[in-house]
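Structural overview
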Amino acid sequence: MTSKERKEGRRLRRIENRQRKKADFLKQYNDFNLVTNTDNLYHAFKMSRRGVSWKESVQRYENDVLQNINDTKQKLLNGESVQKGFVEFQIHERGKVRHIRSVHISERIVQKCLCDEILVPIITRSLIYDNGASIKNKGISFAMNRLRCHLTNFYRENHSNKGYALVIDFSKYFDNILHDKLFEMQRSNLTDERIFNLYKSFITVFGDGISLGLGSQVSQISAISYPNKLDHYCKEVLRIKYYGRYMDDTYLIHSDKKYLEYCLSEIKRICDELGIKLNPKKTRIVPLDEGFWFLKGKYILLESGKIICKPARDGALRMRRKLRKFLKMVEEGTMSLSDVYTSYQSFRSHLMQFDSYHIVHNMDKYYGKLFVHNYSLLYDELKITHKNGILSERNRCIMPISRVTVKKMSLLAGV
C-alpha cells in the first residue's frame, strides 16, 4: 500500500467516524415523544407565559392548563394542525416599520417545545462561535465584545491599525428566505418524518415558498442558521479569522483590501444561491481607522490600538422624544413613574456599553429635569416595598430606586 492510499484510507475513516457521531447525536433528539411529552409541554407553557401573563388569552389558557395541554398533545399524536392563525400588528423600531405576526399561546407552546427540545440542540451544534443572535448565553453584548476582541487581536497581530473591514447587511432578510433551501438544509438533521412535517407546517404558513415571519420562535432559529453555509465558507475556505455575524449584520476584518473585494464577490455568489439580497448602501469596505458601523455602534481602531465605540446619535434623540411623551402620559395618569424609570434604565444600560460618558451624563440631566420633581410621588404610588428597592405591582421585578438616586438626579437637574 502506497502512502497516497494510506492517506486516502485515513480520510475515509475520519469521514466515517464523523458520520457515525452525527447519527448518534441526532438519534437522541429525533424523537417525536419529546414534543408530545406532557412535562415538556407544561414547561414550555411556563416559559412562554413569561412577560405576557397579564394577557387575557394567556390567563384563559392557564385556567384549564392541564386540559388544554392534553388537547394539544392529542392533536399532535393524531397529526392534526395546532395552528390558530396570527395576531398581526405593526411596530415602529428605530424609524423602521416592522410587521409582526404573533401566534396564539397554544401554538406558541408547541413551537417552544419543538425549539427547546429538538431544533436548538441540533441547529446550534453546527453554528460558528461568532454567530451571536438569539442563542442562550449570546446576544448583542456578546457580538459587541467579540468585535472588540477581533479588533484587539488584529492590532496585536499586525502592530498597526492599517486594515479594512468589509461590512455586509442583508436587505429584507426574513422576507427573502427560501423555504425549499431551508427544508433542504434541515432535512438531514430532522430524520423523524413527524418532526419534519411539524417543522414545515410552522414555516409554510408565512408565505408561498418564501419569507419567514417575525414573532415566531421557529422562524427565529431558522433565520439564524440559514446563512450557515456562508459563515463556514468565510471561516474555513476564505480563512477570515476575524469574522462575525448577528442575524443580518456581518463583518470581515483583514489587512488586504483587494482580498476583501474578492471575499465580497464570493459572498455575493453564495447569497445568490440562497436567495439573500445584499443592501448596496450598507455593504462596503471601510478602513479601520475611519470606523465602521455594527449593531448601531461605530467602531474605530486608533493608531495606539485603542478601540473607540460611539453610539448612534439618533438613539438619544428618540429617547428624548419618548421622555417628553412619557411626561404627558404621567400627567394624564396613563403611565406610572415606575414604568418611566424602567424604560429609561433599559435605554441607559444599553448606552453604557459604548464610549458614551457625556451622552449618558446629558441624558441623566435631561431625565432629572423632567421627572425628578415627581419622584417623591413614586414612593406613594407603589404599595409593595422592598428593603433594597421598590417592587412593581405590575411585573413583580425589583427596581433599585433609592433616595440616594433621587438626590443625585436632583443635583443634576438643579432642583
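Notes on the structure in this doc start here. (Residues numbered from 1 in each chain as written. Predicted model: local features only at pLDDT ≥ 70, side-chain atom pairs only at ≥ 80, totals over all residues. Heavy atoms only, no water.)

Scanning the protein chain from terminus to terminus reveals 17 helices and twelve strands. Looking at the protein chain as a whole, 44% of its 415 residues are labelled buried. Within the protein chain, counting contacts between residues at least 6 apart in sequence, those at least 24 apart form 67% of the total. Total accessible area on the protein chain stands at roughly 23300 Å², and carbon and sulfur atoms take up 50% of it. (Helix = DSSP H or I, 4+ residues; strand = E, 2+ residues; numbered from the N terminus. Buried < 20%, exposed > 50% of the residue type's maximum accessible area, 1.4 Å probe, protein only. Contact = heavy atoms within 4.5 Å. Areas by Shrake-Rupley, 256 points an atom, 1.4 Å probe, with all protein chains shown as cover.)

Our focus in this paragraph is the pattern of salt bridges. Two side chains that carry opposite charge are able to pair once their charged atoms sit near each other. One pass over the full model with this rule turns up 15 salt bridges. E62 serves as the salt-bridge partner of R49, at 2.3 Å between the closest nitrogen and oxygen. Of the two residues, R49 sits in the loop between helix 3 (38-48) and helix 4 (56-63) while E62 sits in helix 4, which places them 13 residues apart along the sequence. For D130, the salt bridge is made with K235, and the minimal N-O distance between the two is 3.1 Å. Of this pair, D130 sits in the loop between helix 6 (105-124) and helix 7 (140-158) while K235 sits in helix 11 (residues 228-237), and the two are 105 residues apart along the sequence. For D130, a relative accessible area of 7% gives the class buried. In this structure, a network of salt bridges that share partners links the residues K229, E266, R269 and E273. (Salt bridge = Lys/Arg side-chain N within 4 Å of Asp/Glu carboxyl O.)

A word on the environment of A143. Looking at the secondary structure, you find A143 in helix 7. A143 sits in the buried class, given a relative accessible area of 7%. As for A143 and L295, which are separated by 152 residues in sequence, their C-alpha atoms are 8.6 Å apart. Other than its neighbours up to four places away in sequence, A143 contacts Y246, F294 and L295.

Moving on to the nonpolar core. Formed by 77 residues in total, the largest nonpolar core has its most connected members in L252, I253 and F292. Setting aside its immediate chain neighbours within four residues, F292 contacts L147, L151, A165, V167, Y251, I253, V286, G297, K298 and Y299. Residues V340, Y344, F347 and V360 belong to the second largest nonpolar core, which totals 19 residues. (Core = buried A, V, L, I, M, F, W, Y, C linked by side-chain atoms within 4.5 Å.)

Another aspect to go through is the packing of aromatic side chains. Counting across every chain of the model gives 15 aromatic pairs. Plain terms: the ring middles of F154 and Y242 are 6.3 Å apart, the flat faces sit at 80° to each other, and that makes the pair edge-to-face. Within this pair, whereas F154 is found in helix 7, its partner Y242 is found in strand 4 (residues 242-246), the two being separated by 88 residues in sequence. Across the pair, exposure class does not vary: F154 and Y242 are buried alike. An aromatic cluster of at least three residues, connected via ring pairs, comprises Y344, F347, Y367 and F371. (Phe/Tyr/Trp six-rings, centres within 6.5 Å; stacked < 30°, edge-to-face > 60°.)

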